[in-house]
Amino acid sequence: MTTQSNTPAGWYPDPQGATQLLRWWDGTQWTDHTNAAPQGRQAAPAAPPADPAKVQRQVQRQAGVAPTAQGGGSLFSEPVLVVNQKAKLIELTNEYSVMDQSGNQLGSVVQVGQSTLKKVARFVASVDQFMTHKLEIRDAHGTPQLLMTRPRKFMKSRVVVERPDGQVVGEIVQQNVFGKINFAMNVNGVQVGAIKAENWRAWNFSIVDHTDTEVARITKTWEGLAKTMFTTADNYVLQIHFQLPDPLLSLVVATALTVDTALKQDSRGLG
């Protein structure tokens, strides 16, 4: 069976029609690896549905992104991703919802592998940058698509992006400490793109490919004075200008979440 060659590797509904079964697509072809669909595992409480009008206002008015044609309805096929962090007075676990430009839920991002001791340490001290963080990107069905690991750091961040089976997609590596922060996107030691902050506070980013052509843009959206002052929530809009090949596509999608993990948390530390 064939499919689009730029479809990222991942677990997808079995094309052979087996019910309650997922099959691994390696980026070029279907494999013999299968897995039970996630209905059997304990699901996280469902997030309340987003207000479409509010999401559209966030995209069009706050991020300045004009309405565009809908994509294929997945994390890797929509031209616009809306990434909103769950609002918390104290940030102990990072959680995000990911929607399309119309407010349809596409997936979520959940911090995983965090012990009780680590949560206590985050509560009593500003030590995020000295800890290793793992974020799991899941589709709308709760199936893992990518795993992002940011090892503990002192000055510069490095984020490793992997498939659910442990295959490394690439790395997102901070290039500088002072001024406008830039990241390199590397695959097998070769730079395939970059993420460039457009101001010193690193709120908006231009994402370019290896030819320095902009392929996507991340814009932080204003969530309101009260929410900004009293919670940790950050909201972003990722606009992908055209269909990208993998692994660049997977790194760009991961970037919309990595920017917050690598920079915003570190504003409390030395980075």
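Residues numbered from 1 in each chain as written. Predicted model: local features only at pLDDT ≥ 70, side-chain atom pairs only at ≥ 80, totals over all residues. Heavy atoms only, no water.

### Some remarks on the overall build of the protein
A count of helices and strands for the protein gives 4 helices and 15 strands. Looking at the protein as a whole, 48% of its 271 residues qualify as buried. Within the protein, contacts between residues separated by at least 24 positions form 42% of all contacts whose residues are at least 6 apart in sequence. Total accessible area on the protein stands at roughly 13500 Å², and carbon and sulfur atoms take up 55% of it. (Helix = DSSP H or I, 4+ residues; strand = E, 2+ residues; numbered from the N terminus. Buried < 20%, exposed > 50% of the residue type's maximum accessible area, 1.4 Å probe, protein only. Contact = heavy atoms within 4.5 Å. Areas by Shrake-Rupley, 256 points an atom, 1.4 Å probe, with all protein chains shown as cover.)

### Observations concerning the pairing of strand β5 (residues 95-99)
In terms of burial, β5 is a largely internal element, 4 of the 5 residues being buried. Sheet analysis places strand β4 (residues 80-85) next to β5, joined by 4 bridges and oriented antiparallel. Within β5, the position partnered with Q85 by the bridge is Y96. Looking at chain direction, β5 and strand β6 (residues 105-112) are connected through 5 bridges and run antiparallel. Within β6, the position partnered with Y96 by the bridge is V109. Here β5 folds back onto β6 in antiparallel fashion, the turn holding 5 residues, of which G103 has a positive phi close to 95°. (Pairing = 2+ DSSP bridges.)

### What about the nonpolar core?
Within the largest apolar cluster, 40 residues are counted, with the highest numbers of intra-cluster contacts made by I207, L238 and V252. The biggest single contributor to this core is helix α4 (residues 248-264), with 9 residues. Setting aside its immediate chain neighbours within four residues, I207 contacts M185, A194, I195, T213, E214, V215, A216, I218, L238, V252 and T255. V59, A63, V65 and M99 belong to the second largest nonpolar core, which has 8 residues in total. (Core = buried A, V, L, I, M, F, W, Y, C linked by side-chain atoms within 4.5 Å.)

### What to know about the environment of L81
For L81, the location among the structural elements is in strand β4. Distance in space between the C-alpha atoms of L81 and I240 is 8.4 Å, their sequence separation being 159 residues. Not counting residues up to four positions away in its chain, the partners in contact with L81 are L75, V98, M99, L106, Y236, V237, L238 and V253.

### Details of the sheet that holds strand β14 (residues 214-221)
One closed barrel holds the 12 strands; their spatial order is β4-β5-β6-β7-β8-β9-β10-β11-β12-β13-β14-β15, and the pairing between them is antiparallel. The average angle at which neighbouring strand axes cross in this sheet is 20°, direction not considered. One ladder, built from 6 bridges, connects strand β11 (residues 182-187) with strand β12 (residues 190-197); its direction is antiparallel. Its bridge partner lying in β12, V187 is registered against V190. (Axes fitted to C-alpha atoms, helices over the stretch in contact; angles between N-to-C directions.)

### Remarks on unusual backbone geometry
Following D246, the chain continues into P247 via a peptide bond in cis, with omega recorded as 10°. Residue placement: P247 occurs in the loop between β15 (235-240) and α4. We note that N188 has phi near 55°; this positive angle belongs to a residue other than glycine. With respect to the helices, strands and loops of the structure, N188 is situated in the loop between β11 and β12. At D212, a residue that is not glycine, the phi angle is positive and equals roughly 70°.

### A word on helix α1 (residues 52-62)
Along α1, the positions that sit buried rather than exposed are V55, Q58 and V59. All buried residues of α1 project into a common sector of 85° when viewed along the axis, lining one side. For α1, the exposed residues lying more than 90 degrees away from the buried face are K54 and R61. Where α1 is buried, its residues contact β4, β5, β14 and β15. At the exit of α1 stands G64, carrying a positive phi of roughly 70°. (Arc of directions from axis to C-beta.)

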